[in-house]
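# Structure assessment
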Amino acid sequence: MPTPLKTVLLFGQPGVGKGTQGKILGTVPGFVHLATGDMFRGLDRESELGQEFIRYSTQGLLVPDNLTIRLWRQYVQGLIDTNQYRPDNDLLVLDGIPRSAGQAAMIDEHIDVLRVIHLTCSDIEPLIERIKRRAIHSGRPDDADEKVIRRRMEVYHQETSTVLDFYDEAMVATVDAVGLPGEILMHILNEIIPAARGQVGNPFG
Ligand code: AMP
């Protein structure tokens, strides 16, 4: 894998809108959105890896760091090999990784983080409701059970929030995740574009 990959991290609690914003960003030429939750859900459920994923996610737990980073590397390589991602030209928008201090350290050799977008929402109750609604129409077994959702919130505070300490404070942009999606998108772009300018190539080149 060529290194370092020019990257923006979408960071924040489950349900805060990383996926919603990431998907929109991924439609912009020159931005490639990679969500590790989607990566895991795309695994064959009968495979050993797929079974591992289900075992952890249905309990609201993180998949172990080694397995996650290994799969992430293979997945990125696959995107490169199939021309879906051109590291010299594209900005990688990572959503859902790194999710632990260990992952931040392991992934560091592969990525050059230009900006960390920290999506924030002070009240977790609307996030829990949002996740429950989403579970109904998106086939996410880990999101159907409120106990599991609350466990995911705890895991975020215990294991994931410390990831922010890994990055220089000046690198982190806090964006209020409450509001119109278009407005939140505007705030995110206002943070990403200046950081990315001159760092990635012309997507039409
Ligand atoms: P998400 O769609 O991002 O909420 O992720 C769904 C589930 O996938 C999580 O609850 C974890 O079990 C697993 N997962 C996604 N990303 C990671 C990661 N970076 N590290 C470990 N587990 C992850």
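A few words now on the overall build of the protein. Along the backbone of the protein there are eight helices and five strands. When the elements of the protein are put in sequence order from the N terminus, they spell out β-α-β-α-α-α-β-α-β-α-α-β-α. At 16 Å, the protein has a C-alpha radius of gyration in line with the 17 Å of a compact globule built from 205 residues. Dimensions of the protein, computed from C-alpha atoms along their principal axes, come out at roughly 45 × 40 × 30 Å. For the protein, with 205 residues in total, the buried portion stands at 45%. In the protein, the proportion of contacts linking residues at least 24 apart, taken out of those at least 6 apart, comes to 79%. Taken as a whole, the protein presents about 10,300 Å² of accessible surface, with 51% of it coming from carbon and sulfur. Separation between the mean location of the 21 positive side-chain charges and that of the 28 negative ones in the protein comes to 4 Å.

This part covers the sheet that holds strand β4 (residues 111–120). Working definition: the strands of a sheet are paired by backbone hydrogen bonds and lie parallel or antiparallel to each other. Strand order in this open sheet of five strands is β2-β3-β1-β4-β5, and the pairing throughout is parallel. Among the strands making up the open sheet, the edge pair consists of β2 (31–35) and β5 (172–176). Neighbour to neighbour, the strand axes of the sheet diverge by 25° on average, direction disregarded. Sheet analysis places β4 next to β5, joined by five bridges and oriented parallel. Across the sheet, residue H118 finds its bridge partner in β5, namely T174.

Conventions we followed
Residues numbered from 1 in each chain as written. Predicted model: local features only at pLDDT ≥ 70, side-chain atom pairs only at ≥ 80, totals over all residues. Heavy atoms only, no water. Helix = DSSP H or I, 4+ residues; strand = E, 2+ residues; numbered from the N terminus. Rg over C-alpha atoms; globule rule 2.2 N^0.38 Å. Buried < 20%, exposed > 50% of the residue type's maximum accessible area, 1.4 Å probe, protein only. Contact = heavy atoms within 4.5 Å. Areas by Shrake-Rupley, 256 points an atom, 1.4 Å probe, with all protein chains shown as cover. Lys, Arg positive; Asp, Glu negative; His and termini not counted. Charge placed at Lys NZ, Arg CZ, Asp CG, Glu CD. Pairing = 2+ DSSP bridges. Axes fitted to C-alpha atoms, helices over the stretch in contact; angles between N-to-C directions.

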